[in-house]
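Each chain is listed here by its residues.
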Amino acid sequence: MKWTETYIPTLREAPADAELISHSLLLRAGYIRKLAAGIYLYLPLMQRVISKFSQIVREEMNAAGALEITMSVLAPAEVWQESGRYDSYGKEQMRIKDRHQREMVLGATHEEVVTQLVRGELKSYKQLPLNLYQIQVKFRDEIRPRFGLMRGREFIMKDAYSFDRDIESHKAAYQKMIDAYFRIFDRAGLDTRKVESDTGAMGGEGAHEFMVIVETTAGEAHLLFCEACDYAANDEKATYIEADPPQVDAEEKPLEKVDTPGAATIEEVTEFLNVDSKRLVKTLLYMADDKPIAALVRGDRDLNLVKLKNACGSVEQPEMADAETVQKETGAPVGFAGPIGLKNIPLYVDQEVVRLKNFVVGANQKDAHYINANIGRDFKAAEVVDLVTAVEGELCPKCKGKLKARKGIEVGNTFMLGTKYSESMNATFLDENGRERNFIMGSYGIGITRTPQAAIERYHDDKGIIWPKNIAPYQVEIVPLNYKQDDLKAAADQIYADLRGAGIDVLLDDRLERAGVKLNDADLIGCPLRITIGAKSLKEGKIELKARCSDEVELVDLTQTVSAVQATLERLK
RNA sequence: CGGGGUGUGGCGCAGUUUGGUAGCGCACCUGCUUUGGGAGCAGGGGGUCGGAGGUUCAAAUCCUCUCACCCCGACCA
């Protein structure tokens, strides 16, 4: 492709609203433009990147035996009502009405639709296993779209759905997808880590996420890795063994109310009473689907909202109760809530709290706390569960190795759905005994538009993008420093024709721009290889070959250009 | 949803406090010169200042309403 014949609107100045480097570079290098909050247009360069990555995904999915289909973006609300997710998916689901006032939804994911497709037609175990996938636009009305393609409201996703007759077969299908995912990201030049994750709105029995590890703010997911074994989990999911458990008294002491004037925060209370925050238990009031609940965790811990949501079984993520509610439910201002004497509020108690004796809690009275509180004797838990977010330094639940925290960008996920959808939507087949059974399902996503941005976040410098070769819009960019000069133009045109003839994706900057403009733009858009054609080296019959990721320039004989390019590309990631 | 902020040519911004009829840089067009890391000079085109209403002789500027976009928060007892 010639630069003047395509559309690459590069910007010298970055638009003001881009926060991430990768977002800014996508805008500046002319890959995307914003239409509305969280909605982007893909320009020719981005379209090529999307095509290349999609093709890798397609090849690996096909190789794993999955079949490509296309499902509709628009779906009648009924299918979602049938699975129960019309109510449970929440405000992220885009809903619209058609001219007949029929309720429709824009697909955020397609479990319901694919189940509806298969149901009634796939009736025999002989037709299993089956894996259907599509690469298609998705809509999620994010609370707060940001970071460009990283958290958009409209985006492209590869979503696959497996149907199996039993658990063993399903596990094999799941593993096949995991293997395919590692191959996909590897081909795209990305190192990924697989971590355990919460199943979230998807439901089901287990889930994993594929993460690109980054150091920047782009890493929205907080991950915990074991230094010793292969345990890795999202912090929504991660469990741990305490590295430094507090000392526990042998005997239960009598409950005692003490004055704690003005001591409402953990710091104030621990200081005032001179106790370790590990021996203080905070009582956090939340509203779960408009009903008050209380969560009890140790003073030094952070409550994990996902774990709380799972424990209380609410539809929406619980929200912190406001001061007014706290006053009404506990009879005390914020800072003095406690489990003793709370009426009609279920207490979800973290497992660490159960191991404590004689701890401090709020007294549900202004400026007062109880000391020597004990669970069982002084109050009863509705449920004892893990409610705490794991942190670096605690021990691995598998092997007791040290846990380390990292940040990551989620580029893929896999869900073991079990029979959640096949049961709620009554999708069944007949087994060899003629018995009707529900499909065991799995679903598998890859962010087609997000992954390239993750790659940019991972691979860039202060001048621009540095693409891995397999998802670069063009593998090579030819920069004749002066295209008006006949010999430079002739050499550039010749190399352009030769490389194209050799099946290499090549961009020729045929603009009549100054050298500096073209070189800067080349660095900005980030093709892995650059061929620079200047008067000095051309006089010797040479061109300059430079990898974007390196500062080294190789002088190559004009006639050897194609083989030199092929050899260098071979070496690159 | 709560708080804060911003809307002025394609992009980045000034002008708003103190009303007087719109400006700068980049980009774009023409010409000449220039040509290995975002050139110089000269000339030129493009904006009913987010929208609606109001105050006024006069509104980008003041008032009211509205829309859009951005940031922060919504893990604290």
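Residues numbered from 1 in each chain as written. Chains lettered and ligands numbered in written order. Predicted model: local features only at pLDDT ≥ 70, side-chain atom pairs only at ≥ 80, totals over all residues. Heavy atoms only, no water.

## A word on helix α7 (residues 266-273)
Among the residues of α7, those classed as buried are Ile266, Val269 and Thr270. Buried residues along α7 cover an arc of 95° about the axis, so they all sit on one side. Along α7, the residues that are exposed and aim more than 90 degrees away from the buried face are Glu267 and Glu271. If you follow the buried residues of α7, they end up packed against β14 (281-288), β18 (359-362) and β19 (368-373). Within two residues after α7, Asn274 carries a phi angle of roughly 55°, on the positive side. (Buried < 20%, exposed > 50% of the residue type's maximum accessible area, 1.4 Å probe, protein only. Helix = DSSP H or I, 4+ residues; strand = E, 2+ residues; numbered from the N terminus. Arc of directions from axis to C-beta. Contact = heavy atoms within 4.5 Å.)

## Topic: the domain arrangement of chain A
With domains assigned, chain A is organised as domain 1 (46-239 + 405-457), domain 2 (256-385) and domain 3 (474-571). The centre of domain 2, based on its C-alpha atoms, is set 66 Å off from the matching centre of domain 3. (Domains from an automatic or database assignment.)

## Quick notes on the protein's contact with RNA strand B
In the vicinity of RNA strand B there are 43 residues, among which Arg144, Leu284, Met320, Gly335 and Asp523 approach most closely. At the protein interface, 45% of the atoms of RNA strand B within 4 Å belong to sugar or phosphate. In this structure, a sugar or linking oxygen belonging to RNA strand B sits 3.1 Å away from a main-chain N or O atom of Ala264. Between RNA strand B and the protein, one listed contact pairs a base nitrogen with a side-chain N or O atom of Glu544 at 2.6 Å. Of all elements in the fold, only β14, α14 (515-525) and α15 (535-539) reach the threshold of two or more residues within the surface near RNA strand B. It is α14 that contributes the most residues to the surface near RNA strand B, seven residues altogether. Its residues assigned to classes, the surface near RNA strand B shows 21 nonpolar, six polar and 16 charged. (Near = heavy atom within 4 Å. Polar contact = N/O pair within 3.5 Å; in protein donor to acceptor, adjacent residues only side chain to side chain. Nonpolar A, V, L, I, M, F, W, Y, C, P; charged D, E, K, R; others polar.)

## Some words on the environment of Val326
When you line up the elements, Val326 lands in helix α9 (residues 323-330). On the basis of relative accessible area, Val326 is assigned to the buried category, the value being 7%. A C-alpha to C-alpha distance of 9.5 Å links Val326 and Asn364, two positions 38 residues apart in sequence.

## Focus: the sheet that holds strand β13 (residues 256-259)
Here three strands make up an open sheet; going across it, the order is β13-β19-β18 and the pairing antiparallel. The sheet is open, and its two edges are formed by β13 and β18, each paired on a single side. Within the sheet, the average angular offset between the axes of one strand and its neighbour, ignoring direction, is 35°. Note that β13 and β19 share four bridges and pair antiparallel. Across the sheet, residue Val258 finds its bridge partner in β19, namely His369. (Pairing = 2+ DSSP bridges. Axes fitted to C-alpha atoms, helices over the stretch in contact; angles between N-to-C directions.)

## Focus: the confidence of the model for chain A
When pLDDT is averaged along chain A, the result is 91, and 99% of the positions lie at 70 or above. The element-level mean pLDDT for chain A is lowest in helix α4 (residues 85-88), coming to 79, with strand β3 (residues 67-68) highest at 98. Model confidence for the complex is summarised by a pTM of 0.91, with the ipTM given as 0.91. (pLDDT = per-residue confidence, 0-100.)

## Some thoughts on a negative patch on the surface
Among the surface-exposed residues, Asp289, Asp290, Glu316 and Glu319 lie close enough to one another that they form a single negatively charged patch. When you line up the elements, Glu319 lands in strand β16 (residues 319-320). (Patch = residues over 30% accessible without salt bridge, like charges linked within 9 Å, V, L, I, M, F, W, Y side chains within 5 Å. Areas by Shrake-Rupley, 256 points an atom, 1.4 Å probe, with all protein chains shown as cover. Salt bridge = Lys/Arg side-chain N within 4 Å of Asp/Glu carboxyl O. Lys, Arg positive; Asp, Glu negative; His and termini not counted. Charge placed at Lys NZ, Arg CZ, Asp CG, Glu CD.)

## Things to note about the sheet that holds β16
Ordered by their spatial adjacency, five strands build an open sheet running β16-β14-β15-β17-β20, and the pairing between neighbours is mixed. The open sheet has two edge strands, β16 and β20 (383-385), and neither has a second partner. The pairing of strand β17 (residues 347-350) with β20 spans three bridges and is classified as parallel. Its bridge partner being in β20, Tyr348 is matched across the sheet by Glu383.

## Things to note about the side chain of Ser162
When you line up the elements, Ser162 lands in strand β8 (residues 154-164). Among the polar contacts made by the side chain of Ser162, one reaches the side chain of Tyr444 at a distance of 2.7 Å. Setting aside residues no more than four positions away along its own chain, Ser162 makes contact with Leu130, Asn131, His170, Ala173, Ile440, Met441, Gly442 and Tyr444.

## With respect to empty space enclosed by the protein
Using the criterion set out here, one finds one cavity of 30 Å³ or more in the structure. Lining the largest cavity are Glu477, Ala522, Asp523, Cys527, Pro528, Leu529, Arg530, Lys546, Ala547 and Arg548. Only α14, β29 (529-533) and β30 (542-547) provide two or more residues apiece to the lining of the largest cavity. Residue composition of the lining of the largest cavity, by class: five nonpolar, no polar and five charged. (1 Å grid on protein atoms, 1.4 Å probe; cavity = no way out; pocket = protein on both sides within 12 Å on 5 of 7 lines; lining within 4 Å. Points joined across faces, edges and corners; volume = space filled by probe spheres on them.)

## Describing unusual backbone geometry
Here the bond from Leu128 into Pro129 is cis, since omega is 0°, no more than 30 degrees from zero. Along the chain, Pro129 falls in the loop between α5 (111-118) and β7 (130-139). Unusually for a residue other than glycine, Gln101 sits at a positive phi of about 65°. Assignment of secondary structure puts Gln101 in the loop between β5 (95-97) and β6 (103-106).

## Describing the pattern of salt bridges
Tallied over the entire structure, the rule returns 40 salt bridges. If you follow the salt bridges from partner to partner, you end up with Glu242, Arg298, Asp300, Arg301, Glu352, Arg355 and Glu394 in one network.

## Here we look at the packing of helix α1 (residues 21-28) against helix α12 (residues 450-458)
Their axes nearest at 8 Å, the elements α1 and α12 cross at an angle of 110°. Put simply, α1 runs roughly perpendicular to α12. Residue-level contacts link Ile21, Ser22, His23, Leu25 and Leu26 of α1 to Gln453, Ile456 and Glu457 of α12. In terms of residue class, the contact of α1 with α12 is built from four nonpolar, three polar and one charged. (Parallel < 35°, antiparallel > 145°, perpendicular 65-115°, else oblique.)

## Notes on the packing of helix α2 (residues 44-63) against helix α6 (residues 167-187)
It is at 9 Å that the axes of α2 and α6 come closest, and there the two elements cross at 150°. Judged by the inter-axis angle, α2 sits roughly antiparallel to α6. For the pair α2 and α6, the crossing hand works out as right-handed. Along its contact with α2, which presents Phe53, Ile56, Val57, Glu59, Glu60 and Met61, the element α6 presents Met177, Ala180, Tyr181, Arg183, Ile184, Phe185 and Arg187. (Left-handed = near helix turned anticlockwise from the far one by under 90°.)

## Remarks on α9
Within the sequence span of α9, burial applies to Thr325, Val326 and Thr330. In a view along the axis of α9, the buried residues occupy a sector of 105°, so they form one face of it. Those residues of α9 that are exposed and aimed more than 90 degrees away from the buried face are Glu324 and Lys328. One or two residues past the end of α9 sits Gly331, with phi positive at roughly 75°.

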